Amino acid sequence: MYRVSPQELRRAFRTLLKFPACYHTASVFDPMSARIAADLGFEVGILGGSVASLQVLAAPDFALITLSEFAEQATRIGRVSRLPVIADADHGYGNALNVMRTVVELERAGVAALTIEDTLLPAQFGRKSTDLIPLEEGVGKIRAALEARVDPELVIIARSHAGVQSTEEVIARAVAYQEAGADGICLVGVRDFEHLEQISAPLEVPLMLVTYGNPKLRDNQRLADLGVRIVVNGHAAYFAAIKATYDCLREQRQVAGATELNASELSHKYTQPEDYQAWAREFMDVRE
């Protein structure tokens, strides 16, 4: 059996970050999908927090999954993975001390990299679900993550949301995380290349973008020229698996009048987000 150690995968990922090219992630969610992605030639995979929530809890991405549940899934993938996997570690499952515990568990799971974001998670009473923590707290989380890291090859990436801040604020946060020692910066919500150019200008560390297929950011060479090394287009593979499961079981069961639903509709139906949104309004007064 062909095996690769976590250290080898981490070194391979660091090599990718140094190479002037832009790589698109495979969304991996279990050992089988990780093997498939490697066999198809993907250079890097990502275990999304939203996907883990769907697979483990059948729940929407409301920061409900725990560190232990996420680390268990990462460990299953890490046992067989032959490509570097980035773990979407959300907010580090708490404060800076929780971030340290998160790094310890995910490093042991075998991931090559992890992202720590500065969103205020889980959503707080009377606050917007997209609110960010203070910059000083975000810097503290990155410094704590670096302190907890044992293998220096493990890549720590600071993540922030460019879509809910002014460009000046995004730049200030990215520069601060870079100065704190982050190995890379992950940005969500970049609008277009002009926006990206402004943000990337003062940065020296590699960039990772979560674009969800934004058509205004589809030039790989231009992305690479601006320092983008990793692009996450979304998690279509898992949604396709949901669709395939539904279609297979529906046909097997011969359910009369079963509705033909697409992957997005199926995810919405079976995660029941309206219930969670109603509970958030009733018990937390979350304001959008």
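The shown structure was predicted, so the numbers you read here are calculated from the model rather than taken from an experiment. (Residues numbered from 1 in each chain as written. Predicted model: local features only at pLDDT ≥ 70, side-chain atom pairs only at ≥ 80, totals over all residues. Heavy atoms only, no water.)

Examining the pairing of strand 7 (residues 184-188)
Reasoning step 1: Of all 5 residues making up strand 7, 5 are buried, and the element is well covered by its neighbours.
Reasoning step 2: Burial of strand 7 is two-sided: the residues G184, C186 and V188 facing one way and the residues I185 and L187 facing the other way are all buried.
Reasoning step 3: Pairing of strand 6 (residues 155-161) with strand 7, which is carried by 5 bridges, proceeds in the parallel orientation. Looking across to strand 7, one finds that I157 is bridged to G184. (Buried < 20%, exposed > 50% of the residue type's maximum accessible area, 1.4 Å probe, protein only. Helix = DSSP H or I, 4+ residues; strand = E, 2+ residues; numbered from the N terminus. Pairing = 2+ DSSP bridges.)

Brief notes about the sheet that holds strand 7
Backbone-to-backbone hydrogen bonds pair the strands of a sheet. The strands run either parallel or antiparallel.
Reasoning step 1: With parallel pairing, the 9 strands of this open sheet are ordered in space as 1-9-8-7-6-5-4-3-2. Single-partner strands in this sheet number two, and they are strand 1 (23-24) and strand 2 (26-27).
Reasoning step 2: As paired elements, strand 1 and strand 9 (residues 228-232) share 2 bridges and run parallel to each other. If you follow Y23 over to strand 9, its bridge partner there is I230.
Reasoning step 3: Strands in contact with helix 4 (residues 67-80) are strand 3 (45-47) and strand 4 (85-88); relative to strand 3, the strand with the most contacts, it is inclined by about 155 degrees. (Contact = heavy atoms within 4.5 Å. Axes fitted to C-alpha atoms, helices over the stretch in contact; angles between N-to-C directions.)

Some words on helix 10 (residues 236-253)
Reasoning step 1: The end-to-end C-alpha distance of helix 10, which contains 18 residues, comes to 26 Å, matching closely the 26 Å that a straight helix rising 1.5 Å per residue would cover.
Reasoning step 2: Within helix 10, burial applies to Y238, I242, K243 and Y246. Buried residues of helix 10, seen end-on, are gathered within an arc of 145 degrees and therefore sit on one face of the element. Relative to its buried face, helix 10 has exposed residues pointing more than 90 degrees away, namely A236, E251 and Q252. (Expected span 1.5 Å × (residues − 1). Arc of directions from axis to C-beta.)

Topic: the pattern of salt bridges
Reasoning step 1: Within the structure shown, the criterion is met by 14 salt bridges.
Reasoning step 2: For the salt bridge of R101 with E105, the shortest nitrogen-to-oxygen distance reads 2.9 Å. One end of the pair, R101, and the other, E105, are both in helix 5 (residues 96-109), 4 residues apart, so they sit about a helical turn from each other.
Reasoning step 3: Each of R14, R149, E153 and D183 takes part in salt bridges that share partners, so that together they form one network. (Salt bridge = Lys/Arg side-chain N within 4 Å of Asp/Glu carboxyl O.)

Concerning the UniProt feature "binding site: Mg(2+)" (unreviewed entry) in the protein chain
Reasoning step 1: Following the UniProt record, one finds the feature "binding site: Mg(2+)" (unreviewed entry) at D88.
Reasoning step 2: Relative to the assigned elements, D88 resides in strand 4.
Reasoning step 3: Look at D88 and you get buried, because its relative accessible area is 9%.
Reasoning step 4: Not counting residues within four places of it along the chain, the set of residues in contact with D88 comprises L47, G48, G49, S50, F70, T115, E117 and R159. (UniProt positions renumbered as here; feature names shortened; annotations may be inferred.)

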